[in-house]
Amino acid sequence: MQLTGDRFTADSATFGNDISTLPNFPAEIRAPQGTLPGVSSFQVHFANYDIMTPGDRPDVLVAMNPAALKANIADLPRGGVIIADAHEFTKRNLTKVGYDADPLTDDSLADYQVHPLDLTGMTVEAVKEFGLNRKDASRAKNMFALGLLSWMYHRPTEGTISFLAQKFAKVPAIRDANITAFKTGHAFGETTEAFAVTYEVAPAPMPAGDYRQISGNAALALGLVAASQKARLPLFLGAYPITPASDVLHELSKHKRFGVTTFQAEDEIAAVGAALGASFAGHLGVTTSSGPGIALKAETIGLAVMTELPLVICDIQRAGPSTGLPTKTEQSDLLQVMFGRNGEAPIPVLAAQSPSDCFATAIEAVRIAINYRTPVMVLSDGYLANGAEPWRVPDLSRIDPIDPDFATEPNGTDKKGNPVFHPYVRDPKTLARPWAIPGTAGLEHRIGGIEKDAVTGNVSYDPNNHEEMVRTRQQKVDGIADVLPELSVDDPTGDARVLVLGWGSTYGPITAAVRRVRKEGMAVAQTHLRHLNPFPANLGDVLRSYERVIVPEMNLGQLAMLLRAKYLVDVHSYARVRGLPISLSELALDLQTEIESLPAKEDVR
């Protein structure tokens, strides 16, 4: 189903529609087939206008078995279309998921447009010439369904045919069977009288340029490559496979020609240790993981804080705690990445707002890491990582260079007046220490995990020196706010009393919900944070400008807690922790309720 959904998405993107996707798959590697935990789904929203989410409620549900129907029917609105593989609705499969009777025949789906089709039987019949056994032949039914949907929505077919020809080129029988099933499904749509309506969705108006479909993990990987090129540094990724971050490792492993080295370590600790070692050696060190792996990396991230070396850590968040729901999305690592290290170990934290925004966020993280000599945390999540949208390929010449500014000469003298290198002499503007590549003549120096003298780098147990270094490291991170753009607020009427503030992947649902509320004639303001540590300098003023501030997030209110603590503003937390993106429909209704509950302005006075 993931392949089928991805192909439909790619064909829609090729056609020029705006797209947004929500892949959803089991947590277990081999979940029992035909059971509710084993359902794999792929939701795609495509339109001839700018869209922000995969949508709350699909118009069409293709159910390949009773489990798929039961798992997803609640999301389908009344009047929606159901296309079901009637072949799989056997007594055994129905019983497996708790159906007492066949819902395709017992009128329980009377409120929907139901099309029971023998997708399996028609597929097997269509591909019998290729000599496949029945099990292998029936596997092509997804392509039959894709062909039918491509006809129903007037999707181009050339891309899928070319894709199948390449994917199964080494197995001609499988290749030809899948292509035939796809074409047969399309032809079935043309000849059957079961479907009275087809749909045409025109291309969406977009600025001229080259576009491609991209997922968050792919965009993050390409952003890291672009940043390494702009910094003229080899990129080293130390990673251990973990859902949903593994695809960053997979993507970066394809780009050796750009000086990228990928190291699949034996565990999370080795992965981050190797990445920090690469940074020490003058490379762009990067490590990727999800929440459980970030916990294991904490000590080495603290070492990066102490040694003040550039390091980019990418946390692709998933639902926890512990193993939790590894294939579901969540934003519950914010407090972990802010404070989950021993001692005072501040690091900058950035969060991407959409799949394509992962590209720009990665570049900005690298720029901060290099300019300020600090580890930087990049937050994404499973929704962004696996979701896809159109991405306008940027003009790389418009991305500013990143200067590593390696130390090349001594910067001080010893007690005898001889020239030496002091590793903690700081840039007065950024408070960054010099970055010296080991082996550079005359720049011998000492860094490590034990506290160092504020200038020489010698081990120091002096209490005042320790406090100076602790405060300096904090001041360095806080100072990043001086170069951040001011937080802008979308408040078209200028008289909104409610501000909705989000971070990370809540951007799409919040934006869609705000649009819906405004269409109802209500005023509401919106803003979104990319920088979570430090916050933009004007954030406090923005928060105090509105009577009510609502913070939707996929956790129990972690950002809301930080904002209350720092700015003493009564922030209202809108918390959802379901392993799914926030529902734009629910959020829109709740925002309307919040706005309507405000006292009249004269009462406020």
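Since the model is a prediction, treat every value here as computed from it, not as a measurement.

Basis of the calculations
- Residues numbered from 1 in each chain as written.
- Predicted model: local features only at pLDDT ≥ 70, side-chain atom pairs only at ≥ 80, totals over all residues.
- Heavy atoms only, no water.
- Core = buried A, V, L, I, M, F, W, Y, C linked by side-chain atoms within 4.5 Å.
- Buried < 20%, exposed > 50% of the residue type's maximum accessible area, 1.4 Å probe, protein only.
- Patch = residues over 30% accessible without salt bridge, like charges linked within 9 Å, V, L, I, M, F, W, Y side chains within 5 Å.
- Areas by Shrake-Rupley, 256 points an atom, 1.4 Å probe, with all protein chains shown as cover.
- Salt bridge = Lys/Arg side-chain N within 4 Å of Asp/Glu carboxyl O.
- Helix = DSSP H or I, 4+ residues; strand = E, 2+ residues; numbered from the N terminus.
- Axes fitted to C-alpha atoms, helices over the stretch in contact; angles between N-to-C directions.
- Parallel < 35°, antiparallel > 145°, perpendicular 65-115°, else oblique.
- Contact = heavy atoms within 4.5 Å.
- Nonpolar A, V, L, I, M, F, W, Y, C, P; charged D, E, K, R; others polar.
- Arc of directions from axis to C-beta.
- Phe/Tyr/Trp six-rings, centres within 6.5 Å; stacked < 30°, edge-to-face > 60°.
- Polar contact = N/O pair within 3.5 Å; in protein donor to acceptor, adjacent residues only side chain to side chain.
- Pairing = 2+ DSSP bridges.

> If you had to explain the nonpolar core to someone new, which residues and values would you point to?
Among the nonpolar cores identified, the biggest contains 93 residues, and Val-312, Leu-532, Leu-559 and Leu-563 are the most heavily contacted of them. Formed by 32 residues, the second largest nonpolar core is a distinct cluster that contains Val-127, Leu-148, Leu-164 and Phe-182.

> Go over a nonpolar patch on the surface with me, naming the residues and quoting the values.
Together, Ile-450, Val-459 and Tyr-461 make up a nonpolar patch on the protein surface, roughly 330 Å² of accessible area in all. By secondary structure assignment, the location of Val-459 is in the loop between strand E15 (419-420) and helix H16 (463-478).

> Tell me about the packing of helix H4 (residues 119-126) against helix H6 (residues 141-152), and name the residues and values.
Running from amino to carboxyl end, H4 crosses H6 at an angle of 100 degrees, the nearest separation of the two axes being 9 Å. One way to sum up the angle between H4 and H6 is to call them roughly perpendicular. Contacts between H4 and H6 involve Leu-119, Thr-120, Met-122 and Thr-123 on the former and, on the latter, Lys-141, Phe-144 and Ala-145. Residues that form the contact of H4 with H6 fall into these classes: four nonpolar, two polar and one charged.

> Go over H4, please, and point to the residues and values.
Every buried residue belonging to H4 is among Leu-119, Thr-120, Thr-123, Val-124 and Ala-126, and all of these are buried. Down the axis, H4 shows its buried residues gathered within 165 degrees of arc, on one side only. Structurally, H4 contributes buried residues whose contacts are with strand E4 (81-85), strand E5 (113-117), helix H5 (134-138), H6 and helix H8 (172-191).

> Give a description of the packing of aromatic side chains that names residues and reports values.
The final tally for this structure, using the stated rule, is 10 aromatic pairs. Relative to Tyr-153, the ring of Phe-46 lies with its centre 5.4 Å away and its plane at 85 degrees, an arrangement referred to as edge-to-face. Pair noted here: Phe-46 is in strand E2 (residues 41-47) and Tyr-153 is in the loop between H6 and helix H7 (158-167), with a separation of 107 residues, a long-range link. Relative accessible area serves as the criterion here: at 14%, Phe-46 is assigned to the buried category. Classification of Tyr-153 by relative accessible area gives buried; the value is 12%. Geometrically, the ring pair formed by Tyr-153 and Tyr-199 is stacked, given 5.2 Å between the ring centres and 20 degrees between the ring planes. With Tyr-153 in the loop between H6 and H7 and Tyr-199 in the loop between H8 and strand E6 (211-215), this residue pair connects regions lying 46 residues apart in the sequence. With a relative accessible area of 33%, Tyr-199 lands in the partly exposed category.

> Describe the side chain of Lys-297, naming the residues involved and giving the relevant values.
Take Lys-297: it is sitting in helix H12 (residues 291-307). The exposure class assigned to Lys-297 is buried, which follows from its relative accessible area of 0%. Within the structure, the side chain of Lys-297 is placed 3.0 Å from the side chain of Glu-268, a separation counted as a polar contact. If we ignore the near neighbours within four places in the chain, the residues touching Lys-297 are Glu-268, Ala-271, Val-272, Thr-287, Thr-288 and Ser-289.

> With reference to specific residues and values, describe the sheet that holds strand E3 (residues 60-63).
What links the strands of a sheet is backbone hydrogen bonding, and the strands pair in either a parallel or an antiparallel sense. The strand order E3-E4-E5 describes an open sheet built from three strands, whose pairing is parallel. Two strands in the sheet have a free side with no partner beyond their single neighbour: E3 and E5. This sheet shows a mean twist of 15 degrees between the axes of neighbouring strands, independent of strand direction. The pairing of E4 with E5 spans five bridges and is classified as parallel. Its bridge partner lying in E5, Asp-85 is registered against Leu-117.

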